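Residue-level listing of the chains:
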Amino acid sequence: MRDALMINDFHVQVVSKLAQRFIQACVTNSESFCLPLENSLRSRPISHLEEERITRALYRFELFRRLFGWFQHLEDEDIPRLHDSLPYLAIFFSKFAPWENAQLACMNDFLAGEILPVFNDFAEHDVVWGELKANFNAEMDDDPIQFLLTLGLEKILEISSSDSYADRERLLNHDGEPGPREIIPFLRQALDSGLYSLSEIKGAGKTILEAPAFCADGDGGAEQIWRLSLESKVVVFGVYERLTWSYRQWGYALWDSKRLQDLGILERPWKPDAEQMPSTAVENWDKMHASWAARADIYRRGGRGYWAEGDETRIVWTQEHQL
């Protein structure tokens, strides 16, 4: 009974909340794709099948991180990391149809995007992180963001929902150790270079490409748009192509066939992005170095806590203030 209650709490308090945030993110991002997803959801509310599809993709992410995320936390150099684990990745990805793996790719980008602004804001203002020269122009592929993804859905929701400096300090300083933790990107690497590597292994690529759906829900929308993506010459598996990032932003592989038809997306030719995902970082290295220097000076004088340029009122002094 206790286990059942824990599972129910996880679903209600974590998965369902992230599913709603995902839908809202898709609506927001669809505007730049010139796709009237908001109008579509207003006239035709999200279906039970769409809700289940989104929920399954979130659980699939949690399953992946529980199976593979631990590789990145090991310190024994004799134990292979994820990038040396292609046989295991082949087994995992071959259990799902390629359009289901594309759904997982959409979740990877969404969850990384949820963490990113919180991480960058904290990295820009925390005194200790300034002393450690933490990059506050991080991108979703960067090692500290990928590390936070390995902590799982519950922690991701906590981080993305945190508003106060104190909560962010507790959540981002893993196990009480100050500073960002870094790993080799785990899921993004598996979806990207991992799948490309598997495509070159005899039999593995064909098995993954032809795998049946793990959960055939009776709606062909995800498979239809995945097959449409194969028309592009830049696509190998149609799972995590670098030039299809804008499709992932509105969750292209998670909507019903009827909604995709109403949006007109199935009648459009597949159009890869001209460039890789644009950087959201403000590349002002002079500003970053100046920030690091200011916070390092405060750190050496015994200051800790939240710093902003021209405002030291929230600094906590741990020893006598040295001028």
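How each quantity is defined
Residues numbered from 1 in each chain as written. Predicted model: local features only at pLDDT ≥ 70, side-chain atom pairs only at ≥ 80, totals over all residues. Heavy atoms only, no water. Phe/Tyr/Trp six-rings, centres within 6.5 Å; stacked < 30°, edge-to-face > 60°. Helix = DSSP H or I, 4+ residues; strand = E, 2+ residues; numbered from the N terminus. Buried < 20%, exposed > 50% of the residue type's maximum accessible area, 1.4 Å probe, protein only. 1 Å grid on protein atoms, 1.4 Å probe; cavity = no way out; pocket = protein on both sides within 12 Å on 5 of 7 lines; lining within 4 Å. Points joined across faces, edges and corners; volume = space filled by probe spheres on them. Nonpolar A, V, L, I, M, F, W, Y, C, P; charged D, E, K, R; others polar. Salt bridge = Lys/Arg side-chain N within 4 Å of Asp/Glu carboxyl O. Core = buried A, V, L, I, M, F, W, Y, C linked by side-chain atoms within 4.5 Å. Contact = heavy atoms within 4.5 Å. Axes fitted to C-alpha atoms, helices over the stretch in contact; angles between N-to-C directions. Parallel < 35°, antiparallel > 145°, perpendicular 65-115°, else oblique. Arc of directions from axis to C-beta. Expected span 1.5 Å × (residues − 1). Bend = angle between axes of the 7 residues up to and from the residue.

Caption draft 1: Highlighting the packing of aromatic side chains. Counted according to the given criterion, the structure contains 21 aromatic pairs. Between F64 and F92, the ring centres sit 5.2 Å apart and the planes meet at 80 degrees, which makes this aromatic pair edge-to-face. One end of the pair, F64, is in helix α3 (residues 48-68); the other, F92, is in helix α4 (residues 86-93), with 28 residues separating them in the sequence. Its relative accessible area of 6% is what places F92 among the buried residues. Between the aromatic rings of W250 and Y252, the centroid separation amounts to 6.5 Å while the plane-to-plane angle is 70 degrees, which identifies the pairing as edge-to-face. Taken together, the ring pairs in this structure connect F64, F68, F92, F93, F96 and F214 into an aromatic cluster.

Caption draft 2: Representation of the environment of W245 within the structure. Structurally, W245 is set in helix α13 (residues 245-249). Taking the C-alpha atoms as reference points, W245 and D109, 136 residues apart in sequence, are found 8.5 Å from one another.

Caption draft 3: Structural view of the layout of surface pockets. Approximately 290 Å³ is the volume attributed to the second largest pocket. Forming the boundary of the second largest pocket are 15 residues, of which F10, E62, R65, R66 and E154 lie nearest the centre. Only α1 (2-30), α3 and α8 (153-161) provide two or more residues apiece to the lining of the second largest pocket. Split into classes, the residues belonging to the lining of the second largest pocket amount to 8 nonpolar, 1 polar and 6 charged.

Caption draft 4: Just the pattern of salt bridges, in detail. Under the definition given, this model contains 24 salt bridges. A salt bridge links D141 to R188; its shortest N-O distance comes to 3.5 Å. With a gap of 47 residues between them, D141 in the loop between α6 (127-131) and α7 (143-149) and R188 in helix α10 (residues 187-199) connect regions that are remote in the sequence. What makes R188 buried here is its relative accessible area of 12%. Among the salt bridges present, the one from R188 reaches D192, with a minimum N-O distance of 3.6 Å.

Caption draft 5: Just unusual backbone geometry, in detail. The phi torsion at C34 lies on the positive side, around 55 degrees, for a residue other than glycine. Considering the arrangement of structural elements, one finds C34 in the loop between α1 and α2 (37-43). Note on C34: relative accessible area 64%, which makes it exposed. For K133, which is not a glycine, the phi torsion comes out positive at approximately 60 degrees.

Caption draft 6: A look at the nonpolar core. In this structure, F93 and W250 are the most contacted members of the largest nonpolar core, which totals 87 residues. If one sorts the elements of this core by residue count, helix α5 (residues 98-125) sits on top with 14 residues. For F93, the contacting residues outside a window of four places in its chain are F64, N101, L104, A190, L191, L195, L198 and I208.

Caption draft 7: Seen up close, the side chain of E114. Along the chain, the position of E114 falls in helix α5. Look at E114 and you get buried, because its relative accessible area is 15%. Those residues in contact with E114, other than ones at most four positions away along the chain, are R21 and S160.

Caption draft 8: Fine view of the packing of α4 against α10. Following both chains from N to C, one finds α4 and α10 inclined at 100 degrees, their axes separated by 10 Å at the closest point. On the basis of the axis angle, α4 is roughly perpendicular to α10. Together, L86, L89, A90 and F93 of α4 and A190, L191, G194, L195, S197 and L198 of α10 make up the contact between the two elements.

Caption draft 9: Structural context of α4. For α4, every residue scored as buried is listed here: L86, L89, A90, F92 and F93. The arc that holds every buried residue of α4, seen down its axis, measures 165 degrees, which confines them to one face. Facing away from the buried side of α4 by over 90 degrees, the exposed positions are P87 and I91. Residues of α4 that are buried make contact with α3, α5, α10 and α11 (204-209).

Caption draft 10: Region of the structure containing α1. In a regular helix each residue adds 1.5 Å, so 29 residues correspond to 42 Å; α1 covers 41 Å between its end C-alpha atoms and thus fits that length. Along α1, the sharpest kink reaches roughly 35 degrees, centred on H11. Within α1, the full set of buried residues consists of F10, V14, V15, L18, A19, F22, I23, A25, C26, V27 and S30. Residues of α1 that are buried sit in contact with α2, α3, α5, α8 and α13.

In short, geometric facts, not functional conclusions.
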